[in-house]
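Residues per chain are reported as follows:
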Amino acid sequence: MLEWGVMDPVAREGTRMARGLGLLRPQLWVGSVSEIEIEPLAARGIRGLILDLDETLVAAVEHTPSPEVRAWIDRVKGHFKVFILSNNFNPARVQRVADALGVPCSCRAAKPRRRGFRLALAQMELAAHEVAIVGDQLFTDVLVGNRMGALTILATPIQPERKPWRKLMRLAEGMVIRDVDTLRQLVPHAKENP
Ligand SMILES: [Mg+2]
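Residues numbered from 1 in each chain as written. Predicted model: local features only at pLDDT ≥ 70, side-chain atom pairs only at ≥ 80, totals over all residues.

## Here's the deal with the overall build of the chain
Here comes step 1: Per the secondary structure count, the chain includes 9 helices and 6 strands.
Here comes step 2: Taken across its 194 residues, the chain has 38% of its residues classed as buried. (Helix = DSSP H or I, 4+ residues; strand = E, 2+ residues; numbered from the N terminus. Buried ≥ 20, exposed ≤ 12 C-beta atoms within 10 Å, placed from the backbone.)

The following block contains the structure:
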């Protein structure tokens, strides 16, 4: 059974800086999407999953999801509405992966902006609090999810970053993570998941 972090009240009541950091806190941190179990989500009233694509479902250099990811998608599709929301500018790539998984998708989402997230919710016919967003980036996936009031799950990127600007972003994420005690507490919980 996974244990869940809670949104720090400081995120709502603290200083502007503290609020900003709070919005970067995921409620759960997993090594891979396939670690995410159905029951704890369903117990929290979750009815839909909004999934990031690059480095969450497939590595940026890959075109096909792994058998583990395919099997996980097949499992969760039986319980939740699933939607892929990607910031990727290549519709063909996003569609190809989405088709392989049998999941509807949208690209150029511009996360952490909320518009794409709202469009995904409209397609799923769900409210934000009924949805968990799963992604590998604090500054896009987790931020938009927390801004919308969704459950936020951070997944470790499938592959290490290669591009210099992406490495810089990971460095910045690392600084945020070191600054957020909750994250450190969440890691063992995620690792305990069988
Ligand atoms: Mg990603």
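Don't stop here, the text continues.
## Let's talk about the environment of Arg 70
Here comes step 1: Checked against the element boundaries, Arg 70 lands in helix α4 (residues 67-77).
Here comes step 2: Apart from residues no more than four positions distant in its own chain, Arg 70 is found in contact with Pro 65 and Leu 101. (Contact = placed C-beta atoms within 7 Å.)

## Structural notes on α4
Here comes step 1: Listing the buried residues of α4 in full gives Val 69, Trp 72, Ile 73 and Val 76. What you see down the axis of α4 is that its buried residues fit within an arc of 100°, all on one side. With respect to the buried face of α4, the exposed residues turned more than 90 degrees away are Pro 67, Ala 71 and Asp 74.
Here comes step 2: Looking at the buried residues of α4, the elements they touch are α3 (38-43), β2 (48-51), β3 (81-85) and α5 (91-101). (Arc of directions from axis to C-beta.)

## Concerning the environment of Cys 107
Here comes step 1: Examined against the element boundaries, Cys 107 turns out to sit in the loop between β4 (105-106) and α6 (115-124).
Here comes step 2: You can call Cys 107 partly exposed: it has 19 C-beta atoms within 10 Å.
Here comes step 3: In this structure, the C-alpha to C-alpha distance between Cys 107 and Asn 87, residues 20 residues apart in sequence, is 5.5 Å.
Here comes step 4: With sequence-adjacent residues up to four places away left out, Cys 107 is seen in contact with Ser 86, Asn 88, Phe 89, Pro 91 and Val 94.

## Considerations on α5
Working note: α-helix, 3.6 residues per turn, so residues spaced by three or four point in the same direction.
Here comes step 1: Every buried residue belonging to α5 is among Val 94, Val 97, Ala 98 and Leu 101, and all of these are buried. The arc that holds every buried residue of α5, seen down its axis, measures 100°, which confines them to one face. Opposite the buried face of α5, by more than 90 degrees, sit the exposed residues Ala 92 and Asp 99.
Here comes step 2: Residues of α5 that are buried sit in contact with α4, β3 and β4.

## Comments concerning the sheet that holds β2
Here comes step 1: Judged by pairing direction, the sheet is parallel, and its 6 strands sit side by side in the order β1-β6-β5-β2-β3-β4 without closing on themselves. This sheet does not close on itself; its edge strands, each paired only once, are β1 (28-30) and β4.
Here comes step 2: Inspection of the sheet shows β2 paired to β3 by 4 bridges, in the parallel sense. Bridged to Ile 50 within β3 is Phe 83. (Pairing = 2+ DSSP bridges.)

## Details of the confidence of the model for the chain
Here comes step 1: For the chain, the average pLDDT comes to 85, and 80% of its residues sit at 70 or higher.
Here comes step 2: Counting contacts from residues 182-194, a segment whose pLDDT is below 50, to residues more than four positions away or on other chains yields 21 contacts. (pLDDT = per-residue confidence, 0-100.)

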